[in-house]
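Reading the structure
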Amino acid sequence: MASLRVVLLGPPGAGKGTQAKLLREQFEACQVSTGDILRKAVADQSPLGKEASAFIKRGDLVPDSVIVKLVAERLNEKDCAPGFILDGFPRTIPQAQSLEEILQKMGLGLQAVLLVQVPHTVIVERLAGRRTCKNCGALYHLNFNPSTKESICDRCGGELQQRDDDREETISARLKVYDNQTAPLVDYYRQRGILREIDGVGNVEDIRHRLIKTLEDRAT
Ligand code: ADP
Ligand code: ADP
Ligand code: ZN
C-alpha cells in the first residue's frame, strides 16, 4: 500500500470526512479529523473540550494555538508514522504555517492539498441531512446515505444523532467563517504548487475515483 501525506480542503459538508475514511482504507495513513477530536473532547468534558465548546457551538473556529498543539501531538502517534490524511485542518493561514513547521521538524512535506469543491446550495442540503453515529462516528445522510433502520447505525447498532452545529443558523455562520478564514488557503497552496482541485458534486464513489485519479496523476 502506498503512503499518503495529504490535506483535504473544502467547505463544511464537502465530503471531507466521508472521503478521508475511504482513502484510509486504500492507503497507508491515519485520518486526522480535528472536528472529531474536538467533539470527543466536548463529550468527555475534558479541559480541551471545555475550552472549545463555545466556539464550536457558535460555528466559530477554535483558537489556532489550541488546534496546532492538538495536531502536533496527533501526528506523532504511531498510526500516523506511515502517512496522514488531514481532514478539517489547516483552516487558517497561521495553521498552515504551523503545519509546515511541524512537518519540517519531522523531515516530511505535504504531497498534495486536495480541494473538494461544492457550491453553497449543495452544502446546506448535505449538512442539514447529516447524521453521525454516537458510538463509532460513521457518517450517514437522511436522503443520500440513509441507515437501514431509522436512527440506528448499520455498522455497530449505535444511535445516530444530528450535530448541534448542523442546524440552519449555525450552518450559515460556518460558511461565512469558511469564506473569510479558510478560503485564503486555496491561494496559499496554489502558490506552493501542491493544490489539486476536485469537483465534489456527484455520488460518493464518483468523488472517491476522482480523488484517487488525482493522486495517481501526481505520482507519475
Ligand atoms: P465540518 O468539516 O463539517 O465543517 P468539522 O467537524 O471539521 O466540521 O469542525 C467542526 C467545528 O470544530 C468547527 O466549526 C470549529 O469550531 C471546530 N474546528 C474543527 N477543526 C478546526 C480547526 N482546524 N481550527 C479551528 N477550529 C476547528
Ligand atoms: P465534511 O467532513 O466535509 O463536513 P461529510 O463527509 O461529513 O463532510 O459529509 C457531509 C454530509 O454529506 C454527510 O451526511 C455525508 O453522508 C453526506 N455526503 C458526503 N459525500 C456525499 C456525496 N458525494 N453525495 C451526497 N452526500 C454526501
Ligand atoms: Zn456506529
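Up top is the structure these notes are about.
Residues numbered from 1 in each chain as written. Chains lettered and ligands numbered in written order. Predicted model: local features only at pLDDT ≥ 70, side-chain atom pairs only at ≥ 80, totals over all residues. Heavy atoms only, no water.

1. Here's the deal with the site of ligand 1
Basically, it comes down to this: Here a residue counts as near a molecule or strand whenever at least one of its heavy atoms sits within 4 Å of it. Between N or O atoms, a polar contact is any pair within 3.5 Å; within protein, one atom must be a potential hydrogen donor and the other a potential acceptor, and residues adjacent in sequence are included only when both atoms are from side chains. Computed with a 1.4 Å probe, the accessible areas rest on the Shrake-Rupley method; for each residue, only the protein chains presented here act as cover. Three categories are distinguished: nonpolar for Ala, Val, Leu, Ile, Met, Phe, Trp, Tyr, Cys and Pro, charged for Asp, Glu, Lys and Arg, and polar for the others, with Gly belonging to the last.
Contacts to ligand 1 come from 19 residues, most closely from Thr34, Arg39, Asp60, Arg130 and Arg174. Within the contact set of ligand 1, an oxygen atom lies 3.3 Å away from a side-chain nitrogen or oxygen of lysine 16. Glutamine 95 is positioned such that a nitrogen or oxygen atom in its side chain is 2.9 Å from a nitrogen atom of ligand 1. Alone, ligand 1 offers 550 Å² of accessible surface; in the complex the protein occludes 96% of this. For the shell around ligand 1, the residue count by class is seven nonpolar, four polar and eight charged.

2. Things to note about the coordination of the zinc ion (ligand 3)
Just so we agree on the cut-off: Donors, by definition, are the N, O and S atoms found within 2.8 Å of a metal, the threshold being 3.2 Å for Na, K and Ca, and water is not counted, so a site can look incomplete. Irregular is the default label, applied whenever a site is not tetrahedral (four donors, all angles between 85 and 135 degrees) and neither square planar nor octahedral (four or six donors, opposite donors over 155 degrees apart, all other angles between 65 and 115). Numbered from the N terminus, helices here are DSSP runs of H or I no shorter than four residues, and strands are runs of E no shorter than two.
Distances from the zinc ion (ligand 3) to its protein donors, Cys133 (SG), Cys136 (SG), Cys153 (SG) and Cys156 (SG), fall within 2.3 to 2.4 Å. Note that the zinc ion (ligand 3) binds four donor atoms; their angles at the metal cover 97 to 114°, and the shape is tetrahedral. Sequence spacing among the residues donating to the zinc ion (ligand 3) works out to C-x2-C-x16-C-x2-C. Of the two residues, cysteine 136 sits in the loop between strand S5 (130–133) and strand S6 (139–141) while cysteine 156 sits in the loop between S6 and strand S7 (160–161), which places them 20 residues apart along the sequence.

3. Topic: unusual backbone geometry
Keep this limit in mind: When accessible area is computed with a 1.4 Å probe and restricted to protein chains, residues below 20% of their type maximum are described as buried, those above 50% as exposed, and intermediate ones as partly exposed.
Between phenylalanine 89 and proline 90 the backbone carries a cis peptide bond, its omega angle lying at -5°. A positive phi angle is found at glutamine 45, which is not glycine, with a value near 55°. Mapped onto the elements, glutamine 45 comes out in the loop between helix H2 (34–44) and helix H3 (47–58). Assessed through its relative accessible area of 58%, glutamine 45 is described here as exposed.

4. Comments concerning helix H8 (residues 184–191)
An α-helical turn contains 3.6 residues, so any two residues separated by three or four positions project in the same direction. Basically, it comes down to this: This arc describes the spread of directions from the helix axis toward the C-beta atoms. Note on definitions: a residue-residue contact is assigned when non-hydrogen atoms from the two residues lie within 4.5 Å.
Taken together, the buried positions of H8 are Leu185, Val186, Tyr188 and Tyr189. Angularly, the buried residues of H8 cover 165° about the axis, an arc narrow enough to put them on a single face. Here the buried face of H8 lies against strand S1 (5–9), helix H5 (93–106), strand S4 (112–117), helix H7 (168–182) and strand S8 (195–199). Phi turns positive one or two residues past the end of H8, at glycine 193, with a value near 75°.

5. Let's talk about the pattern of salt bridges
The following threshold applies: We count a salt bridge whenever a side-chain nitrogen from Lys or Arg sits within 4 Å of a carboxyl oxygen from Asp or Glu.
Summed over the entire model, instances satisfying the criterion amount to 18 salt bridges. In this structure, arginine 210 engages aspartate 199 in a salt bridge whose closest nitrogen and oxygen atoms are separated by 4.0 Å. You can see arginine 210 sitting in helix H9 (residues 204–219) and its partner aspartate 199 sitting in strand S8, a full 11 residues away along the chain. Classification of arginine 210 by relative accessible area gives partly exposed; the value is 29%. What you see here is one network of salt bridges that share partners, running through Arg130, Arg163, Asp165, Asp166 and Arg174.

6. A few points about the environment of phenylalanine 55
Here phenylalanine 55 is to be found in helix H3. A relative accessible area of 24% places phenylalanine 55 in the partly exposed class. With 10 residues separating them in the primary sequence, phenylalanine 55 and serine 65 have C-alpha atoms 14 Å apart. Every residue in contact with phenylalanine 55, bar those within four places of it in the chain, is listed here: Asp60, Leu61, Val62 and Pro63.

7. A word on the site of ligand 2
As a structural note, the neighbourhood of ligand 2 is formed by 18 residues, with Gly13, Lys16, Thr18, Arg130 and Tyr140 the closest of them. Take glycine 13: an N or O atom from its main chain is 2.8 Å from an oxygen atom of ligand 2. Between ligand 2 and lysine 16 there is a distance of 2.8 Å, counted from an oxygen atom to a side-chain nitrogen or oxygen. Surface burial for ligand 2 is 92%, taken as the share of its 560 Å² of free accessible area covered by protein chains. Elements with a minimum of two residues in the shell around ligand 2: helix H1 (16–26), S6 and H9. Counted by class, the shell around ligand 2 contains eight nonpolar, seven polar and three charged residues.

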